[in-house]
Amino acid sequence: MPLALDVLKGLPVNTFHYQAFHWLYTTGMAFLLLALAYALARTSLWAPLAFLGRYSLQIYLIHPMVVRLLEKYPAFPEPLGLKPAFAIYLALALFLPLLLAHLLVKARVSPALFGR
């Protein structure tokens, strides 16, 4: 923000410090995430994430279809309240594509549709 205000005032601006600290922050966070992933891979919490990762492409590509189908029924499940409706939409948008992806893998159709 101070740099933007200096630009608006017509003052000369040096962005070296901003760029250097931005690079340091981004690089540090990348290494932190790699360390977290490595530590997580060595625990028992990894199995559900590995299972989801195996089907992540299929979930990503199938979930818009599920969301579109849910949009056709605007009255469901909003009367239940915001939190239950969000939980139901999340479950349907994640677990229904996961189920479809799993069934496509079992039917050996997934490589033809998704390439893996």
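This report concerns the structure included in the present document. As the structure is a computational prediction, the values presented were derived from the model and not from experiment. (Residues numbered from 1 in each chain as written. Predicted model: local features only at pLDDT ≥ 70, side-chain atom pairs only at ≥ 80, totals over all residues. Heavy atoms only, no water.)

## Observations regarding the overall build of the protein
In terms of regular secondary structure, the protein is built from six helices and zero strands. Helices and strands in the protein line up, N terminus first, as α-α-α-α-α-α. Its C-alpha atoms give the protein a radius of gyration of 22 Å, clearly above 13 Å, the size a compact globule of 116 residues would have. Principal axes of the C-alpha set define a box for the protein whose edges measure 65 × 40 × 30 Å. The proportion of buried residues among the 116 residues of the protein is 12%. Surface accessibility of the protein: about 9,500 Å² in total, with carbon and sulfur atoms responsible for 75%. (Helix = DSSP H or I, 4+ residues; strand = E, 2+ residues; numbered from the N terminus. Rg over C-alpha atoms; globule rule 2.2 N^0.38 Å. Buried < 20%, exposed > 50% of the residue type's maximum accessible area, 1.4 Å probe, protein only. Areas by Shrake-Rupley, 256 points an atom, 1.4 Å probe, with all protein chains shown as cover.)

## Remarks on the packing of aromatic side chains
Inspection of the entire model under this criterion finds one aromatic pair. Here Phe 51 and Tyr 55 contribute two aromatic rings whose centre-to-centre distance is 5.1 Å and whose plane-to-plane angle is 70 degrees, an arrangement assigned as edge-to-face. (Phe/Tyr/Trp six-rings, centres within 6.5 Å; stacked < 30°, edge-to-face > 60°.)

## Considering the side chain of Ser 110
Inspection of the secondary structure puts Ser 110 in helix α6 (residues 110–114). With a relative accessible area of 1%, Ser 110 lands in the buried category. Side chain to side chain, Ser 110 and Gln 58 meet in a polar contact 3.0 Å long. (Polar contact = N/O pair within 3.5 Å; in protein donor to acceptor, adjacent residues only side chain to side chain.)

## Quick notes on unusual backbone geometry
Even without being a glycine, Arg 108 presents a positive backbone phi close to 60 degrees. Looking at the secondary structure, you find Arg 108 in the loop between α5 (82–106) and α6.

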